[in-house]
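Fold and geometry: a report
The chain contents come next:
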There are 2 protein chains.
Amino acid sequence: MFSKSCKYAMRAVLFLALNSSPKKKLGVNQIAEELDVPKHFLAKILQQLSRNLLISSTKGPSGGFFLSEENLNTSLRKVVETIDGPEVFNSCILGLPVCSFENPCPLHFKAIEYRNGLLEVIEGNSIKELAIRVKEKKLTI
Amino acid sequence: MFSKSCKYAMRAVLFLALNSSPKKKLGVNQIAEELDVPKHFLAKILQQLSRNLLISSTKGPSGGFFLSEENLNTSLRKVVETIDGPEVFNSCILGLPVCSFENPCPLHFKAIEYRNGLLEVIEGNSIKELAIRVKEKKLTI
DNA sequence: AGAATAAAAGACCTTTTTATCTTTTAATGC
DNA sequence: GCATTAAAAGATAAAAAGGTCTTTTATTCT
Ligand code: FES
Ligand code: FES
């Protein structure tokens, strides 16, 4: 479903939502260590998210990555689509050139159900809301 | 979710279920052309399935690939697991080292629902049954 | 201004996946 | 037995994904 980059991205964003703020920025090192992902690779991903204004960052001493209020109020779907492209939620699970109700593959209806279920979670909630849920339900990221 | 190889494999198997029989074998060329997939690549995949006894084949003139009655009565899940490995339906959608009820990620429950829905289709039906459904409902493969 | 810090950017490198091409082996029909 | 056919097998190559390292740029603090 999601590329590794995308998985790292989602986890990092949730981690930032839970552990950073405009006055408490985190360096790649900390994030990478905490999530146990390769740090240079994560840096690339975070830069990409930053360029696309999905996360915030400042350089220099006491700089780092964090989520602004605006960042917190967007959906994880944007993060996913920034990394894996807009087609992730729109392509046939069997690889047919188009996924449609008119020309469904044998897995289409189940697959759609699934995709919609996931979208419900990552689009129906803001990053802030997801982070709250993670904390309350002690979910792992 | 599935690798390209796996997608080709699933489609090819369904295609064989619909268009071949022990007395009507199909060559890679025909299958590849019909499904519009790279033929040499498909050949490799079919060989792998054949080695694992999920499809049948004979060499020589009037040889080709086909499904035996036994092949028809197995599940697509075996095809999937032969190509993509047994972990496809068992790994965390966010890439956490383990996927479990005890340590769920934020997408765990929705993801599980999805996976189970897909499994229902590809494990709850034999390849033969799936093929019948494809024909009746005019599904695309 | 200058030193220190941390992200941004860019150049590489490695591995895996996807794809192609060639040679070998087995079956068929004459 | 020989020519033909088609899969099996193997070797190679191209592309994409994943990962590392180095240099540059911006910021902060002294
Ligand atoms: S057509 Fe295959 S998932 Fe929609
Ligand atoms: S823990 Fe992530 S899908 Fe189960």
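Scroll up to find the structure.
Before going into details, it helps to say that this report is about the structure given with it. What you see is a predicted model; the values in this text were computed from it and never measured.

Parameters and conventions
- Here the residue numbers are simple positions, counted from 1 along each chain's written sequence.
- A letter from A marks each chain and a number from 1 marks each ligand, given out in the order of writing.
- pLDDT decides what is reported in this predicted model: residues at 70 or higher carry local features, side-chain atom pairs at 80 or more are listed and counted, and totals for whole chains, interfaces and linings draw on all residues regardless.
- Only hydrogens and water are set aside; all other atoms, that is, all heavy atoms of the structure, feed into the side-chain values.
- By convention in this text, a residue qualifies as near a molecule or strand provided that one of its non-hydrogen atoms is within 4 Å of it.
- Identification of polar contacts relies on pairs of N or O atoms within 3.5 Å, with a donor-acceptor requirement for protein atoms, meaning one able to donate a hydrogen and the other able to accept it, and with residues adjacent in sequence counted only if both atoms are side-chain atoms.
- Counting from the N terminus, the helices are DSSP H or I runs at least four residues long and the strands are E runs at least two residues long.
- The axes used here are C-alpha line fits, helices contributing only the stretch in contact, and every angle between their N-to-C directions lies in the interval 0 to 180 degrees.
- Angle categories are assigned with fixed cut-offs, so that under 35 degrees is roughly parallel, over 145 is roughly antiparallel, 65 to 115 is roughly perpendicular, and the rest are oblique.
- Only heavy atoms enter the contact rule, under which two residues are in contact if any of them lie within 4.5 Å.
- Side-chain classes are defined by residue name, with Ala, Val, Leu, Ile, Met, Phe, Trp, Tyr, Cys and Pro counting as nonpolar, Asp, Glu, Lys and Arg as charged, and the others, Gly among them, as polar.
- Throughout, exposure labels follow a simple rule: accessible area from a 1.4 Å probe, protein chains only, divided by the maximum for the residue type, with under 20% read as buried, over 50% as exposed, and the rest as partly exposed.
- Alignment of the copies relies on least squares applied to C-alpha atoms, considering only residues that score at least 70 for pLDDT in both.
- Accessible area that two parts lose when put together, evaluated with a 1.4 Å probe and summed over both, is termed the buried area.
- Only one rule defines a salt bridge in this text: a Lys or Arg side-chain nitrogen within 4 Å of an Asp or Glu carboxyl oxygen.
- Here, expected helix span is obtained from the residue count minus one, scaled by 1.5 Å.
- Any Phe, Tyr or Trp ring, taking Trp's six-membered ring, that has another such ring centre within 6.5 Å forms a pair; planes under 30 degrees apart are called stacked, those over 60 apart edge-to-face, and the others tilted.

**Remarks on the protein's contact with DNA strand D**
Taken together, 26 residues surround DNA strand D, and among them Pro38(A), Pro61(A), Gly27(B), Lys44(B) and Ser57(B) come closest. Contacts to DNA strand D include Lys4(A), whose backbone N or O atom sits 3.4 Å from a phosphate oxygen. A distance of 3.4 Å is found between a base oxygen of DNA strand D and a backbone nitrogen or oxygen belonging to Pro61(B). Of all elements in the fold, only helix 1 (4–19) and helix 3 (39–51) of chain A together with helix 3 (39–51), strand 1 (56–58) and strand 2 (64–66) of chain B reach the threshold of two or more residues within the surface near DNA strand D. Broken down by element, the surface near DNA strand D gets its largest block of residues, four residues, from helix 3 of chain B.

**Describing the packing of helix 1 (residues 4–19) of chain B against helix 7 (residues 127–136) of chain B**
Residues and elements named next belong to chain B. Viewed as axis vectors pointing N to C, helix 1 and helix 7 meet at an angle of 80°, and their least axial separation amounts to 9 Å. One finds that helix 1 runs roughly perpendicular with respect to helix 7. From helix 1, Val13, Leu14, Ala17 and Leu18 reach across to helix 7, where they touch Ile127, Leu130, Ala131, Val134 and Lys135. Residues of the contact of helix 1 with helix 7, tallied by class, amount to eight nonpolar, no polar and one charged.

**A short note on the environment of Ser100(B)**
All names here are of chain B. In this structure, Ser100 sits in the loop between helix 5 (76–84) and helix 6 (108–124). Judged by relative accessible area, Ser100 falls into the buried class, the value being 16%. It is 28 Å that separates the C-alpha atoms of Ser100 and Ser5, two residues lying 95 residues apart in sequence. Looking at Ser100, its side chain comes within polar contact range of the main-chain nitrogen of Asn103, at 3.0 Å.

**Considerations on the relation of the copies chain B and chain A**
Superposition of chain B onto chain A requires a rotation of 180° combined with a translation of 0.0 Å along the rotation axis, giving an RMSD of 0.1 Å. A rotation of that kind, with that shift, is consistent with a two-fold axis.

**Examining the interface of chain B and chain A**
Frequently, the measure chosen for interface size is the accessible area that the parts lose on association. Opposite the 28 residues of chain B that make contact, chain A presents 28 residues. Summing both sides of the interface, chain B and chain A together bury roughly 2700 Å²; the carbon and sulfur share of this comes to 73%. Where chain B touches chain A, the interface holds two salt bridges. Counting the contacts that link chain B with chain A gives four residue pairs in polar contact (both at pLDDT 80 or more). Listing elements by their share of the side of chain B that touches chain A, those giving two or more residues are helix 1 and helix 6 of chain B. A per-element tally of the side of chain B that touches chain A places helix 6 of chain B first, with eight residues.

**What to know about helix 6 (residues 108–124) of chain A**
Taking 1.5 Å per residue as the helical rise, helix 6 of chain A with its 17 residues ought to reach 24 Å, and the 22 Å between its terminal C-alpha atoms agrees with that figure. Considered for burial, the residues of helix 6 of chain A that qualify are His108(A), Ala111(A), Tyr114(A), Arg115(A), Gly117(A), Leu118(A), Leu119(A), Val121(A) and Ile122(A). Considering only its buried residues, helix 6 of chain A is in contact with helix 5 (76–84) and helix 7 (127–136) of chain A together with helix 6 of chain B.

**A closer look at the environment of Cys92(A)**
Along the chain, the position of Cys92(A) falls in the loop between helix 5 and helix 6. Considered as a pair, Cys92(A) and His108(A) are 16 residues apart in the sequence and their alpha carbons are 7.2 Å apart. Setting aside residues no more than four positions away along its own chain, Cys92(A) makes contact with Val98(A), Cys99(A), Cys105(A), Arg115(A) and Lys7(B).

**A closer look at the packing of aromatic side chains**
What the rule picks out here adds up to seven aromatic pairs over all chains. With 1.8 Å between their ring centres and 15° between their planes, Tyr114(A) and Tyr114(B) make a pair best called stacked. Taken together, the residues Tyr114(A) in helix 6 and Tyr114(B) in helix 6 connect one chain to another. Each member of the pair, Tyr114(A) together with Tyr114(B), is buried.

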